[in-house]
Structures are given as C-alpha cells and as structure tokens.
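One-letter residues, chain by chain:
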Amino acid sequence: MTPNPLKTQADRRKERIDDLAATAGGSPSGTVTGAGEIEESPGVSLIASAWRRLRRNPVFLVGAGITLAFVVLAIVAPWIAPHDPTQGLLLDKVRQQSNPIPGSEPGFPLGADNRGRDLLSRLLVGAQQTLIVGVGATVIGLVGGLTLGTLAGAFGGWVDSFIMRVVDVMLSIPSLLLAMSLAAVAARPSQMTVILAIAIVEIPIFARLLRGSMLAVRSSDHVLAARALGVKQSAVVFRHIIPNSLAPVIVQATIVLATAIIDAAALSFLGLGNPDDRKPEWGQMLGASQEFLGDYPHLAFYPAACIIIVALGFTLMGESLREALDPKSRR
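Residues numbered from 1 in each chain as written. Predicted model: local features only at pLDDT ≥ 70, side-chain atom pairs only at ≥ 80, totals over all residues. Heavy atoms only, no water.

**Focus on the overall build of the chain**
Helix and strand content of the chain: 12 helices and 2 strands. Each helix (α) and strand (β) of the chain, taken in turn from the N terminus, gives the series α-β-β-α-α-α-α-α-α-α-α-α-α-α. In the chain, which comprises 331 residues, the proportion classed as buried is 39%. Residue pairs in contact within the chain that sit at least 24 positions apart in sequence constitute 67% of those at least 6 positions apart. Put simply, the chain shows about 18,100 Å² of open surface, and 64% of that area lies on carbon and sulfur atoms. (Helix = DSSP H or I, 4+ residues; strand = E, 2+ residues; numbered from the N terminus. Buried < 20%, exposed > 50% of the residue type's maximum accessible area, 1.4 Å probe, protein only. Contact = heavy atoms within 4.5 Å. Areas by Shrake-Rupley, 256 points an atom, 1.4 Å probe, with all protein chains shown as cover.)

**Re the pattern of salt bridges**
Summed over the entire model, instances satisfying the criterion amount to 10 salt bridges. When the shortest N-O distance is used, the salt bridge between Asp 160 and Arg 211 registers 2.8 Å. Note that Asp 160 is positioned in helix 5 (residues 157-172) and Arg 211 in helix 7 (residues 191-218), a separation of 51 residues in sequence. Note that Asp 276 and Arg 278 form a salt bridge whose closest N and O atoms lie 2.9 Å from each other. Under the relative-accessibility criterion, Arg 278 is labelled exposed at 57%. Members of the salt-bridge network, linked through shared partners, are Asp 113, Arg 115, Arg 117, Arg 122 and Asp 277. (Salt bridge = Lys/Arg side-chain N within 4 Å of Asp/Glu carboxyl O.)

**Observations regarding the packing of aromatic side chains**
Enumeration over the complete set of coordinates arrives at 3 aromatic pairs. Their ring planes at 45° and their centres at 5.7 Å tell us that Phe 70 and Trp 282 sit as a pair that is tilted. Of this pair, Phe 70 sits in helix 3 (residues 58-80) while Trp 282 sits in helix 11 (residues 282-288), placing them 212 residues apart in sequence. A single burial state applies to Phe 70 and to Trp 282, both of which are buried. Relative to Tyr 302, the ring of Phe 301 lies with its centre 5.8 Å away and its plane at 65°, an arrangement referred to as edge-to-face. Judged by its relative accessible area of 55%, Phe 301 falls in the exposed class. Note on Tyr 302: relative accessible area 25%, which makes it partly exposed. (Phe/Tyr/Trp six-rings, centres within 6.5 Å; stacked < 30°, edge-to-face > 60°.)

**Observations concerning empty space enclosed by the protein**
Vacant regions in the atomic arrangement are exposed by a probe of water-molecule size rolled over the atoms. Counted under the stated rule, the structure contains 1 cavity of 30 Å³ or more. Each pocket or cavity is described by its volume, and for the largest cavity that value is around 80 Å³. Forming the walls of the largest cavity are Val 133, Gln 191, Val 194, Ala 264, Ser 268, Asn 274, Lys 279, Glu 281 and Gln 284. Counting residues per element, the ones that place at least two in the lining of the largest cavity are helix 7 and helix 10 (247-269). (1 Å grid on protein atoms, 1.4 Å probe; cavity = no way out; pocket = protein on both sides within 12 Å on 5 of 7 lines; lining within 4 Å. Points joined across faces, edges and corners; volume = space filled by probe spheres on them.)

**Some words on the nonpolar core**
Core analysis: the largest hydrophobic core is formed by 26 residues, its most contacted members being Phe 70, Trp 282, Leu 299, Val 310 and Phe 314. Of all the elements in the fold, those that place two or more residues in this core are helix 2 (46-54), helix 3, helix 4 (119-155), helix 10, helix 11 and helix 12 (298-325). Element by element, the count of residues in this core is highest for helix 12, at 7 residues. Setting aside anything within four residues of it in sequence, one finds Leu 299 in contact with Ile 101, Ala 112, Leu 119, Met 285, Ser 289 and Phe 292. (Core = buried A, V, L, I, M, F, W, Y, C linked by side-chain atoms within 4.5 Å.)

**Some details on a nonpolar patch on the surface**
Together, Leu 73, Trp 79 and Ile 80 line one region of the surface with nonpolar side chains, adding up to about 350 Å² of accessible area. Assignment of secondary structure puts Ile 80 in helix 3. (Patch = residues over 30% accessible without salt bridge, like charges linked within 9 Å, V, L, I, M, F, W, Y side chains within 5 Å.)

**Side note on helix 3**
Taken as a whole, helix 3 carries its principal kink of about 40° at Ala 74; the proline Pro 78 stands between one and four residues after it. Of all the residues in helix 3, the buried ones are Phe 60, Gly 63, Thr 67, Phe 70, Ala 74 and Ala 77. Among the residues of helix 3, the N-terminal cap falls to Asn 57, whose side-chain oxygen and the backbone nitrogen of Val 59 are separated by 3.0 Å. (Bend = angle between axes of the 7 residues up to and from the residue. Polar contact = N/O pair within 3.5 Å; in protein donor to acceptor, adjacent residues only side chain to side chain.)

**Points about the layout of surface pockets**
Volume-wise, the largest pocket comes out at about 430 Å³. Looking at the largest pocket, it is lined by 20 residues, and the ones nearest its centre are Asp 277, Gln 284, Met 285, Gly 287 and Ala 288. Top contributing element to the lining of the largest pocket by residue count: helix 11, with 4 residues. Looking at side-chain class alone, the lining of the largest pocket contains 7 nonpolar, 8 polar and 5 charged residues. (Nonpolar A, V, L, I, M, F, W, Y, C, P; charged D, E, K, R; others polar.)

**So, the side chain of Asp 160**
Judged by its relative accessible area of 10%, Asp 160 falls in the buried class. Those residues within four positions of Asp 160 in sequence are excluded, and the remaining contacts are Ala 152 and Arg 211.

**So, the packing of helix 3 against helix 12**
The N-to-C vectors of helix 3 and helix 12 enclose an angle of 135°; their axes lie 7 Å apart at closest approach. Viewed along their axes, helix 3 and helix 12 adopt a mutual orientation that is oblique. Remark: the crossing between helix 3 and helix 12 carries left-handed chirality. Together, Val 59, Phe 60, Val 62, Gly 63, Ala 64, Ile 66, Thr 67 and Phe 70 of helix 3 and Ile 309, Val 310, Gly 313, Phe 314, Leu 316, Met 317, Ser 320 and Leu 321 of helix 12 make up the contact between the two elements. (Axes fitted to C-alpha atoms, helices over the stretch in contact; angles between N-to-C directions. Parallel < 35°, antiparallel > 145°, perpendicular 65-115°, else oblique. Left-handed = near helix turned anticlockwise from the far one by under 90°.)

**Points about the environment of Ile 307**
Looking at the secondary structure, you find Ile 307 in helix 12. Considered as a pair, Ile 307 and Trp 282 are 25 residues apart in the sequence and their alpha carbons are 7.1 Å apart. For Ile 307, the residues in contact, after removing those within four places along its chain, are Ile 262, Ala 265, Trp 282 and Gly 283.

In structure tokens form, the structure reads like this:
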C-alpha cells in the first residue's frame, strides 16, 4: 500500500489505526513495516498456537509419551502378558520357610509372588485395571462437577450460594481422608466403590473451576450482546457460556487423572479396594507386598514405580496443556 501524497498525515494515520483495529478484531493478523504499511499473514487460533508451543515443549512430549505408552499397554495387556496372571505356575517352587517368593528365571523375568503367579503378567494386566479406575473416577467426577458448576454459574443467586457452600465443605476435608471414609462406608469393598469414592472427591474440584470460568465468560462482551438481542437464557448458557468455559476444566481433568490413580492405589493398599486378587491392580499388589517387604522389596518396588511414572506422565502433560492454553503465559 503506497501512501497517497494527496492525503494528509492525519488521514494516513487514521487508515493505519483502522487497519490495526480490523486485524485485532479477527481479520488476518499482520505486522507493521517501517513505512507504516501492514503486511498481512494468516491468523492463528488459540488451539493452533497452543499446539505449536506444545510440540516444541520437551516436558509435554515426555508426559505425552509416558501417557500414550501407559494407555497402549493397558489396552493390549491381556494379549501381550506372557502368562495368565491368575495361574500359580511357580507354585511348586514356593517354600514358606526357605523360598516364599520365587526369583527370576527363564520365562519369568521378574519372578513370581507368594502364590507362584508371574509378576510381569500381573503388572501388565494391573495397568488395565488402574486405567479403568482412573478414567472411570475422572469421568464420573467430571460429569458431576460440570452439572453442579453449570447450575451455580448459570443461575447464580441462592442456587450458587447453596452449591458453593456444599463444595466448600467437601473441599475443607482432605481428599484422601474423604475418599477413605466413603469407601469404608460401602458394605463390601469393590472396584466400583473405589471409583465412586474418588469421583465424589473430584466433583467439587470441577464444580468450582467451571463455576469460576463461567462467571468470567458471563460478563464478556459477546454474552452481554446476546442477552441484549433477546437470546433465551438457556441458549446463552449452552451456546455461549459453557463452550467457552470448558478449556480449563478439560485440562484439569488430565491432572486429576494422576490424582485419581494415586488415590485408587492408596485405597487398594489400605484394603478398601477390590478384594479379588484375580484382577490385579497396582495398589492391591503394593498392599500385598507388605508381608514380604523386608526380604523381598522388589514386590513393592515394581508397582510403586509404575504408579509414580504414570502419575508423573499425566501431571507433566496436564501442566504443559495448562500453560499452553493460558493467554497470560503466551509470549
């Protein structure tokens, strides 16, 4: 764009300001040259910008790699496990006095437990059970939190006050203590009681986060414009407020997955999980190793290492997602 000599300096300045305003309002982004001209370039969405940052972030790549490996192993575990995790294939080598835990040997690289069951196979199949508990608890907690957060953020008033006071009470209790109390109330410990106990603990986290995000979006210009045009309250909530409030909640769900896996392992370790050891789970294996911890620490080391690594993977990935989607951290 060549400056018109017939235009005054004020006119040219006004044109440049209008171009910059149009660019900021959603037109293709651009840069201003030394001559005051605007070189246009294609605009980039927040998601695309976040992905560009994530794929160059080694922390995210490490976390995503760990998470992907865990999910794939959990899915294919029944097919790649070298032995049936319920079969005591080395039971004839178990000696309560001299050799209660068979060591490693060909075909059994990690050895066996006190019932002669292959430890490697139980770790692989245990990954599947751990994934089921973590994902199940997070999904149920997410749905419950979204429901309460939507009611509080959309209606406000006494509805918001009542829900937030309940949430405050739940958040005032340590999460693991609350989960233990809920799991202990169940008449019979099972995998489902663990999932429900952890999910209930996670509901107030999602509810408060969504409510705060909705309050911020509710006062934004496009929501105020929709209300000024007479759009129904339900349409404003479900078409404008909720879709623009979900990003931090989805990111938080990734981080909560790590907490859910740790809490599930803790409940199983304390004997509040599934008592049926034919379905191995890492926390359950960790609890069963207490009897032999002094002489055979590897029984606790392997499941504990798996729990720590998987929780670290979800945490690294979630924190990287949070930073990439946070406008304050963008440079």
